[in-house]
Amino acid sequence: MPTEDAHWFVVDGRRWRRTDPALPEDVAAALRSHLGSARATVGAASRRGDDDAVAAARRRVGIAKHGLGERGPKWWEEPVEARVQRAREALTELED
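If you're wondering where the values come from, they're calculated on a predicted model, not measured in any experiment.

On to the overall build of the protein, then. Regarding its fold elements, the protein presents 3 helices and 2 strands. Traced from its N-terminal end to its C-terminal end, the protein shows the element sequence β-β-α-α-α. The principal-axis extents of the C-alpha atoms in the protein amount to approximately 40 × 35 × 20 Å. Considering only contacts within the protein whose residues lie at least 6 apart along the sequence, 58% involve residues at least 24 apart. Taken as a whole, the protein presents about 6,100 Å² of accessible surface, with 50% of it coming from carbon and sulfur. For the protein, the distance from the average position of its 17 positive side-chain charges to the average position of its 17 negative side-chain charges is 4 Å.

Next up, the structure:
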């Protein structure tokens with residue numbers, strides 16, 4: 001459920017930051033794809049007991065979430081150009 005200010009949504013009483021709505025859809029979709037893949041890798045590596053792979057996958061989760069604006073600086077406090085650039089840089093890092 002979105003909050004009144006549209007910066008957050010609430011699930012089971014917990015507040016989560018929304019994805020930056022100013023991001024180009026192709027960039028946001030690519031970041032969401034990397035996020036889902038990295039989360040799956042965290043689970044698989046955890047089940048294998050591979051701590052190094054878990055750490056690497058969690059780093060990728062963090063990069064994707066920063067790019068989406070779900071972590072890091074509050075996207076609504078920054079200029080759109082800076083937000084879009086951060087998202088594109090995160091995507092570049094994930095695709096290397």
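With a phi close to 50°, aspartate 12 is a non-glycine residue in the positive phi region. Inspection of the secondary structure assignment puts aspartate 12 in the loop between strand E1 (8-11) and strand E2 (14-17).

Next up on the list: the environment of alanine 38. When you line up the elements, alanine 38 lands in helix H1 (residues 25-48). As a C-alpha pair, alanine 38 and arginine 59 span 21 residues in sequence and 8.6 Å in three-dimensional space. Filtering out sequence-adjacent residues up to four positions away, alanine 38 remains in contact with Ala57, Arg60 and Val61.

On to the packing of H1 against helix H3 (residues 80-95), then. Helix-helix packing is characterised by the crossing angle of the two axes and by the distance between the axes. Relative to each other, H1 and H3 sit at 45°, their axes nearing to 10 Å. One element, H1, and the other, H3, form an angle in the oblique class. Considering the relative orientation of H1 and H3, their crossing is left-handed. Facing H1, whose interface residues are Val27, Ala30, Leu31 and His34, H3 presents Ala87, Arg88, Ala90, Leu91, Leu94 and Glu95.

This brings us to the nonpolar core. Counting 17 residues, the largest nonpolar core has Leu23, Leu31 and Leu68 as the members making the most contacts within it. Mapped onto this core, the elements with two or more residues apiece are H1, helix H2 (51-68) and H3. For this core, the leading source of residues is H1, giving 6 residues.

Moving on to the side chain of aspartate 20. Here aspartate 20 is to be found in the loop between E2 and H1. A polar contact is formed between the side chain of aspartate 20 and the side chain of arginine 83, at a distance of 2.7 Å. Discounting chain neighbours no more than four positions away, the residues touching aspartate 20 are Leu68, Trp75 and Arg83.

Applying the stated criterion across every chain, the model contains 6 salt bridges. The residue arginine 86 makes a salt bridge to glutamate 78 at a minimum N-O spacing of 2.6 Å.

What follows concerns the pairing of E2. Here E1 runs beside E2; their pairing, made up of 4 bridges, is antiparallel. Residue pairing for E2: valine 10 is matched across the bridge by arginine 15. Counted along the chain from E1 to the antiparallel partner E2, the turn is 2 residues long, and its residue aspartate 12 has a positive phi close to 50°.

Thresholds, definitions, all that
- Residues numbered from 1 in each chain as written.
- Predicted model: local features only at pLDDT ≥ 70, side-chain atom pairs only at ≥ 80, totals over all residues.
- Heavy atoms only, no water.
- Helix = DSSP H or I, 4+ residues; strand = E, 2+ residues; numbered from the N terminus.
- Contact = heavy atoms within 4.5 Å.
- Areas by Shrake-Rupley, 256 points an atom, 1.4 Å probe, with all protein chains shown as cover.
- Lys, Arg positive; Asp, Glu negative; His and termini not counted.
- Charge placed at Lys NZ, Arg CZ, Asp CG, Glu CD.
- Axes fitted to C-alpha atoms, helices over the stretch in contact; angles between N-to-C directions.
- Parallel < 35°, antiparallel > 145°, perpendicular 65-115°, else oblique.
- Left-handed = near helix turned anticlockwise from the far one by under 90°.
- Core = buried A, V, L, I, M, F, W, Y, C linked by side-chain atoms within 4.5 Å.
- Buried < 20%, exposed > 50% of the residue type's maximum accessible area, 1.4 Å probe, protein only.
- Polar contact = N/O pair within 3.5 Å; in protein donor to acceptor, adjacent residues only side chain to side chain.
- Salt bridge = Lys/Arg side-chain N within 4 Å of Asp/Glu carboxyl O.
- Pairing = 2+ DSSP bridges.

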